[in-house]
Amino acid sequence: MNFFAALALASLSGAFSVLGWDPFGRWPIALLGYAALFWMVSNSRTALQACLLGLAFGLGLHLSGSGWVFGALHSKAAMGLIPAVFSTLIFVLYLALFTAVPCLIWRVLFKRGEDSASAIGNLRAIFSAIVIFAALLTLGEWARGLFFNAFTSLALGYSLIDTWLAGYAPVLGLYGVSWIGFCLSGIAVALTSSHRTVKATGLIFVLAITGTGFVLNQATWTQPSGAPLRYRLIQSNVAQERKFDPLYARRQTQRLVDMIERQPADLIVTPETAFPLFLNELPDDVLSSLQQFSQHTGSHVFVGIATIAADSDGYNSVIHIAPGQTGITRYNKIWLMPFGEYSPIGFGWFTDSLSIPLKDMSAGARDQAPFIVGTQRAGTLICQEDLTGQAARHWLPAATLLLNPSNLAWFAGSLAISQRLQIVRMRALESGRPILRATNTGITAHIDYRGRVVDRLPEAEEGVLAGMIQPVRGLTPYARWGDWPTVLSSAACVLLVGAIRRRRGA
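Since the structure is predicted, the reported quantities are computational estimates derived from the model, not experimental observations.

Focus: the sheet that holds strand S3 (residues 267-269)
Right, on to step 1. Sheet architecture is open: six strands sit in the order S6-S5-S4-S3-S2-S13, paired in mixed fashion. Across the chains shown, the open sheet's two edge strands, defined by having one partner strand only, are strand S6 (329-332) and strand S13 (463-469). Strand-to-strand twist in this sheet, taken as the mean axis angle between neighbours without regard to direction, amounts to 25°.
Right, on to step 2. Where strand S2 (residues 229-235) meets S13, seven bridges bridge the pair, whose relative direction is antiparallel. Residue pairing across strands places Leu-229 opposite Ile-469, the latter belonging to S13.
Right, on to step 3. The strands touched by helix H11 (residues 246-261) within the sheet are S2, S3, strand S4 (300-308) and S13, with S2 carrying the most contacts at an inclination of about 160°.
Right, on to step 4. Across the sheet, helix H12 (residues 284-297) lies against S3, S4 and strand S5 (314-321), angled at about 35° from S5, the strand it touches most.

Put into structure tokens, the structure is as follows:
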């Protein structure tokens, strides 16, 4: 195949792979997309060609699956058309590098025509090539999550949350599921071999991997903790363009108070920064009204609002108004949104060009305690914090449930809304904790400890989601060990193969 045609095919494979994630949910397409990438990289002539193929695939994947960033920059943050296009392309190129570099390293380790997938008849060669391909792409996903407080969207593991492979998530986490998915993509290429031994071995591996996932899906890592709690989740549905408009601030505030006080519940949760004011700017009658409501009804009210500390640092916070208490407790967001809540080093000029309220916030302390709700403990993941398993593990084992107040009105109507719900489901599965997700414009949902959506509200509609949630206790293997078993084993595989090939003089 002409190399330029191969680049086009790689780009299209990446673009169509997006159908594997929500809202489409066609997970086999994501696996086939990476299978196509493995086949093309296996047949590339040089490491540079392999790198460019990986780059083309990543560009197609993230341009079609993460291109919603353009809408947030241009429509919501008031960036000009040309700068928004350029910024989106730079962002997508950055994400694509985490696919390109693994492909380059793989081709360096496995030269074409020797011990590589192109030598399809060599059983040991093909399956070692598959394992290293999967390990390198997994390390690429993990590395992508290390920068800018984690951007893990479109990690392969998310697309597999409704398959038997999700059984691996409480054990190995997101990246473990991704590693297994990459292996299956490579095996799909092996199954096209004319050699019966390679086909038979591939089928054995597929059955073993999926069968183990099925067994793990039946495992129960956590246990119920106490009686179920009643909850009410507020979805205020305020357009981002109007959210912080002073002309609408008082109206929004009163509307939110009315929605909170309409009916009592053990837990009432609002979206992130639901009140468009700092806590010290909130009218006294609003806070006193909520405190009286909490005292009279026994409701624990969790309100998203910006706060200012004595040292003048601003925080993206959730305050807890509890019955029997005259004061309030609060959680200050730890993992902030880059460019939206803080400026990464060297990027202040870029953040200053964006029309974003609350874009100069401080990170909360790492040693904050979970909220106390009777005999239960509630950890908090504010918006961006749901992108990483580490943020959820931070609350364990103390927390028996997790709250996830968010404001995704920046991305309203885009693929990001469904993608983020899928991400939160993975956090529930990894941590073994149920999650109450309260969002501004959607998707507000109750997710159980197995990552299943128990109930949800439609997107872009005002409403209140009410129901019962069962707190749980105990630790999943992932909650104990995090990503390290997957990361270290992937790195060990790559280093071992590299050392063996260097010794052979390859």
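Some points on H11
Right, on to step 1. Here H11 contains 16 residues, and its C-alpha end-to-end distance of 23 Å stays within 8% of the 22 Å for a straight helix at 1.5 Å per residue.
Right, on to step 2. Burial in H11 covers these residues: Ala-249, Gln-252, Thr-253, Leu-256, Val-257, Met-259 and Ile-260. Down the axis, H11 shows its buried residues gathered within 160° of arc, on one side only. H11 presents Leu-247 and Arg-251 as exposed residues on the side facing more than 90 degrees away from its buried surface.
Right, on to step 3. Contact partners of the buried residues in H11: S2, helix H10 (240-243), S3, H12, S4 and S13.
Right, on to step 4. The opening residue of H11 is Asp-245, an N-cap whose side-chain oxygen sits 3.0 Å from the backbone nitrogen of Leu-247.

So, the side chain of Ser-225
Right, on to step 1. Within the secondary structure, Ser-225 is located in the loop between strand S1 (223-224) and S2.
Right, on to step 2. Those residues in contact with Ser-225, other than ones at most four positions away along the chain, are Gln-376, Thr-400, Gln-470, Pro-471, Val-472 and Arg-473.

So, the nonpolar core
A general feature of soluble globular proteins is that nonpolar side chains tend to end up buried together.
Right, on to step 1. In this structure, Trp-21, Tyr-34, Trp-106, Ile-132 and Leu-156 are the most contacted members of the largest nonpolar core, which totals 62 residues.
Right, on to step 2. If sequence neighbours within four positions are ignored, Leu-156 has contacts with Trp-21, Ala-30, Leu-31, Tyr-34, Glu-141, Ser-178, Gly-181 and Phe-182.
Right, on to step 3. By size, the runner-up hydrophobic cluster in this structure holds 52 residues, among which are Trp-68, Ala-77, Trp-335 and Cys-383.

Things to note about the sheet that holds strand S10 (residues 435-439)
Right, on to step 1. Taking strand neighbours across the sheet as the criterion, the six strands line up as S7-S8-S9-S10-S11-S12 in an open arrangement whose pairing is mixed. Here the strands that pair on one side only, and so sit at the sheet edges, are strand S7 (371-373) and strand S12 (453-456). The sheet shows a mean angle of 20° between the axes of neighbouring strands, direction not considered.
Right, on to step 2. Two elements, strand S9 (residues 401-406) and S10, share five bridges in a ladder whose sense is parallel. Each residue of the ladder has a partner; that of Leu-402, found in S10, is Ile-435.

Observations regarding the pattern of salt bridges
Here the idea is simple: oppositely charged side chains can pair when their charged atoms come close.
Right, on to step 1. Here the structure, examined in full by the defined rule, presents eleven salt bridges.
Right, on to step 2. Between Arg-250 and Asp-285 there is a salt bridge; the shortest N-O distance is 3.4 Å. Taken together, the positions of Arg-250 in helix H11 and Asp-285 in helix H12 put the pair 35 residues apart, joining distant regions of the chain.
Right, on to step 3. On the basis of relative accessibility, which here comes to 43%, the residue Arg-250 falls in the partly exposed class.
Right, on to step 4. Here Glu-462 ties to Arg-255 by a salt bridge, and the two come within 2.2 Å at their closest N and O atoms. Of this pair, Glu-462 sits in the loop between S12 and S13 while Arg-255 sits in helix H11, placing them 207 residues apart in sequence.
Right, on to step 5. By relative accessible area, which is 39% here, Glu-462 ends up partly exposed.
Right, on to step 6. Note on Arg-255: relative accessible area 36%, which makes it partly exposed.
Right, on to step 7. Salt bridges linked by common partners bring Glu-272, Lys-333 and Glu-341 together as one network.

Rules used throughout
- Residue indices begin from 1 for each chain and proceed along its sequence in written order.
- In keeping with the predicted nature of the model, local features appear solely for residues at pLDDT of at least 70, side-chain atom pairs appear and are counted solely at 80 or more, and the whole-chain, interface and lining totals rest on all residues.
- Side-chain descriptors were evaluated using all non-hydrogen atoms of the structure, hydrogens and water having been removed beforehand.
- The pairing criterion for strands is at least two bridges between them, as found by DSSP.
- Where helices and strands are cited, they refer to DSSP runs of H or I of at least four residues and of E of at least two residues respectively, numbered from the N terminus.
- Every axis corresponds to a line fitted to the C-alpha atoms, with the helix fit spanning only the stretch in contact, and the corresponding angles, defined between N-to-C directions, vary from 0 to 180 degrees.
- Contact between two residues is taken to exist if any of their heavy atoms lie within 4.5 Å; hydrogens are not considered.
- Helix span, expected: 1.5 Å multiplied by one less than the number of residues in the helix.
- Relative accessibility decides the category of a residue: with a 1.4 Å probe and only protein chains considered, values under 20% of the type maximum give buried, values over 50% give exposed, and everything between is partly exposed.
- Summarising the geometry, the arc corresponds to the directions from the helix axis toward the C-beta atoms.
- Counted as a polar contact is a pair of N or O atoms within 3.5 Å, where, for protein atoms, one must be capable of donating a hydrogen and the other of accepting one, and residues adjacent in sequence contribute only when both atoms are in side chains.
- Nonpolar core, defined: a set of buried Ala, Val, Leu, Ile, Met, Phe, Trp, Tyr and Cys residues in which side-chain atoms within 4.5 Å join the residues together.
- Note on definitions: salt bridges are taken to be side-chain nitrogens of Lys or Arg within 4 Å of carboxyl oxygens of Asp or Glu.

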